[in-house]
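# Remarks on the overall topology
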Amino acid sequence: MSTSLPALKTWVDEVTALTNPAKIHWCDGSEAEYQVLIDEMLKTGVLSELNQETHPRCYLHLSDPSDVARVEHLAYVCTETQVEAGPNNNWMAPGEAHRKMDALFEGAMAGRTMYVIPYCMGPFDSPYSRCGVELTDSAYVAANMKLMTRMGAKALARIEKEGTFVRGLHSTGDLDPDRRFIMHFPQELLIQSIGSGYGGNALLGKKCHALRIASHQARNEGWLAEHMLIVGLESPDGETHYIACALPSACGKTNLAMLIPPESMPGWKVWTLGDDIAWLHLDEEGQLRAINPESGFFGVVPGTNHKTNENAFQMIAHDTIFTNVGRTADNQPWWEGKDEGEPAFDWQGREYDPANGPAAHPNSRFTVAASNNPSYSDLTEAPEGVPISAILFGGRRKRVAPLVYEARNWGHGVLVGASVGSETTAAMIGEVGVIRRDPMAMKPFCGYNFGEYWRHWLSFPERTDTLPKIFHVNWFRQDDDGNFLWPGFGENLRVLRWIIDRVEGRADAKETPIGYLPHADDIDTTGLDISDEVMETLTAVDLEHWYTELDHFGDYLDEFGHEHVPVRLREEQKRVVKALSLARAS
Ligand code: OXD
Ligand code: MN
């Protein structure tokens, strides 16, 4: 296989000359090809087979212990000027980045096979989809890309027709963290990544293309590329609302996307469209519509059990690649919070010994096709996407943030999204549990200056007057002893129902300086063991803390330079700070 597109052929030839692979394989995306990749990896030890009776077609990959998460400090945006990348990104001048990467890639694929992976982000026949080609020397990446994207011959045909595509060059290199870099050249539609074989560092369709490069394209073309799940909520009357929800990494997006309705809400159905990324476009009527550019899930495994996420539990019982989980004595995958079985081996292949830490790495993952999910929505393949009724932002907050609140309007909603803060998790390298600002959950993923990004968000009301309502949610409030106040998981549908009822103008709320909140009894808690007092706490505004939080947010905005931060956003911030200060005084 090769290509009729000169631009692609020339690039593959150039990369071949630079990296010197022993063989080149053009991926056609077929099932037979996937099986050959798996068989090869079983032979070379990159994968091992899990118990095929309990987990048919499931395999285990153990990564290098120094290569277990996304490396935000080694991800760069290489725009002509540093201000274009903004203080939210690491920056390197394109010339310098190219010199550095060319030196690292020189001969990097010697003795290896280079896989040419054409892929389409989004349904093949959607005008909203965008394509790319990843060149990689990792069979593990090729197999993961088969599950995570629409890859192969059909994608190549679209690329050849369109003539444009995002170029992604990846090599695992020598896995030395000192020679690990992920460079984005948005102006060249180019990604180069070396030194890691893990997740978002290596599966370039995901964070690198569908968020960092796509956010750039989206600004230029008038749409949004966001770190959001997409889920459909169908009421017993058959009314379905689609919502898009941005939460930072490892804050439960996958669980929310696959939620099982609680017993107290019979007849409700939940349909999953995506668990990580949404591309949002205005259609001709001015309705915001979403597609999920991905076609698979790369989800955090620990904590997945029948109670937390039954759909995911079933989904990963077959046709799944596990990375860095432990194993039971009879070779089933095992992880902390699985609630069944016992570990015999840990994620480094050692005999399990609690003195060595958890059996599964806290950021261990499953890779699985979206169609494996029992709550898979057929509309995942709809070229026109789904209409979005509400946008949710949220974070992991022990204190301060209430269970849910609604922004007054789109402009205020942009402030709500921009001021998201969350406790850090194991999905990124660094200390876990500290609060960091994560505007729109895009801190590691926005490919350009946040100031300009907020301006782009704020421009949407100029083009339509039917934008969705914006909300903020927090499932993670705790009491002083560290107990969660809200049960979370399936019970979150109770909160989503209030949100839908607000969208439909059917639910009551109280007006506060931070937006509209439910009264304690506006959320249905039938059948829950939760006191009125706790519901009061979950639906109260802590004026002192909010004042401090939003006042400090003003300092944070200053970091982006006053010429970049939209006046409208500052006005919103000042308006809310003033309202909080008045409420405190009264
Ligand atoms: C992810 C992440 O893997 O956000 O989705 O880290
Ligand atoms: Mn994510």
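In this report, we go over the structure that sits alongside the text. (Residues numbered from 1 in each chain as written. Chains lettered and ligands numbered in written order. Predicted model: local features only at pLDDT ≥ 70, side-chain atom pairs only at ≥ 80, totals over all residues. Heavy atoms only, no water.)

Extensive coverage of strand S9 (residues 166-171) is indicated by the burial of five of its six residues. Examined bridge by bridge, strand S7 (residues 130-136) and S9 share five bridges and lie parallel to one another. Paired with Val133 across the two strands is Arg167, which belongs to S9. Both S9 and strand S11 (residues 190-194) contribute to a ladder of five bridges, which runs parallel. The residue bridging Ser171 from the neighbouring strand is Ile194, located in S11. (Buried < 20%, exposed > 50% of the residue type's maximum accessible area, 1.4 Å probe, protein only. Helix = DSSP H or I, 4+ residues; strand = E, 2+ residues; numbered from the N terminus. Pairing = 2+ DSSP bridges.)

Okay, the packing of helix H15 (residues 543-558) against helix H16 (residues 567-585) next. Interhelical geometry of H15 versus H16 gives an angle of 155° and a closest axis separation of 9 Å. Classified by the angle their axes make, H15 and H16 are roughly antiparallel. Handedness of the crossing formed by H15 with H16: left-handed. Of the residues in H16, those in contact with Leu543, Glu544, Trp546, Tyr547, Leu550, Asp551, Phe553, Gly554, Leu557 and Asp558 of H15 are Leu569, Arg570, Gln573, Val576, Val577, Leu580, Ser581, Ala583 and Arg584. A class-by-class count of the residues in the contact of H15 with H16 yields 11 nonpolar, three polar and five charged. (Axes fitted to C-alpha atoms, helices over the stretch in contact; angles between N-to-C directions. Parallel < 35°, antiparallel > 145°, perpendicular 65-115°, else oblique. Left-handed = near helix turned anticlockwise from the far one by under 90°. Contact = heavy atoms within 4.5 Å. Nonpolar A, V, L, I, M, F, W, Y, C, P; charged D, E, K, R; others polar.)

Once that is clear, we can look at the packing of aromatic side chains. Taken as a whole, this structure holds 19 aromatic pairs when the rule is applied. Considering the side-chain rings of Tyr198 and Phe298, the 6.1 Å spacing of their centres and the 70° angle between planes classify their relative orientation as edge-to-face. Of this pair, Tyr198 sits in the loop between S11 and helix H7 (199-202) while Phe298 sits in strand S18 (residues 296-300); the two residues are 100 residues apart in sequence, bridging distant segments of the chain. Overall, the relative accessible area of 2% leaves Tyr198 in the buried class. Ring centres 6.0 Å apart and planes at 20° place the aromatic pair Phe322 and Trp335 in the stacked group. Taken together, the positions of Phe322 in strand S19 (residues 320-323) and Trp335 in the loop between strand S21 (333-334) and strand S22 (365-369) put the pair 13 residues apart, joining distant regions of the chain. In terms of burial, Phe322 and Trp335 fall into one category: buried. (Phe/Tyr/Trp six-rings, centres within 6.5 Å; stacked < 30°, edge-to-face > 60°.)

Taken as a whole and judged by the stated rule, the model has four cavities of 30 Å³ or more. Volume-wise, the largest cavity comes out at about 90 Å³. Looking at the largest cavity, the residues that line it are Arg397, Ala401, Tyr405, Val416, Ser419, Val420, Gly421, His472, Trp546, Glu549 and Leu550. The dominant element in the lining of the largest cavity, judged by the number of residues it contributes, is H15, at three residues. Broken down by class, the residue content of the lining of the largest cavity amounts to six nonpolar, three polar and two charged. A volume near 50 Å³ is recorded for the second largest cavity. (1 Å grid on protein atoms, 1.4 Å probe; cavity = no way out; pocket = protein on both sides within 12 Å on 5 of 7 lines; lining within 4 Å. Points joined across faces, edges and corners; volume = space filled by probe spheres on them.)

Most of helix H11 (residues 410-418) sits out of view: nine of its nine residues are buried. Among the residues of H11, those classed as buried are Trp410, Gly411, His412, Gly413, Val414, Leu415, Val416, Gly417 and Ala418. The N-capping residue of H11, defined by a side-chain oxygen 3.2 Å from the backbone nitrogen of Gly411, is Asn409. (Polar contact = N/O pair within 3.5 Å; in protein donor to acceptor, adjacent residues only side chain to side chain.)

Attention shifts here to the coordination of the manganese ion (ligand 2). Bound to the manganese ion (ligand 2) are the protein donor atoms Lys207 (NZ), His227 (NE2) and Asp276 (OD), situated 2.1 to 2.2 Å from the metal. Relative accessible area serves as the criterion here: at 5%, Lys207 is assigned to the buried category. Here His227 falls in the buried class, since its relative accessible area comes to 1%. (Donors = N, O, S within 2.8 Å, 3.2 Å for Na, K, Ca; no water.)

Another aspect to go through is the state of the cysteines. Under the criterion given, the structure shown has zero disulfides. Cys208 forms no disulfide, and the closest cysteine sulfur to it belongs to Cys78, at a distance of 12 Å. Of the cysteine sulfurs around Cys251, a residue in no disulfide, the closest is that of Cys245, at 9.8 Å. (Disulfide = S-S within 2.5 Å.)

The sheet built from five strands is open, its strands ordered S2-S3-S19-S22-S18 with mixed pairing. One side of each edge strand has no neighbouring strand; the edge strands of this open sheet are strand S2 (48-49) and S18.

Counted at 1.5 Å a residue, the expected span for helix H8 (residues 205-221) with its 17 residues is 24 Å, but the 19 Å between its end C-alpha atoms falls short. Residue Ala214 marks the point of greatest curvature in H8, where the axis turns by about 45°. The positive-phi residue at the C-terminal boundary of H8 is Gly222, with phi of around 85°. (Expected span 1.5 Å × (residues − 1). Bend = angle between axes of the 7 residues up to and from the residue.)

Contact geometry for H11 and H16: axes closest at 9 Å, N-to-C directions at 85°. One finds that H11 runs roughly perpendicular with respect to H16. Judged by residue contacts, Gly411, His412, Val414, Leu415 and Ala418 of H11 engage Arg568, Leu569, Glu572, Gln573, Arg575 and Val576 from H16.

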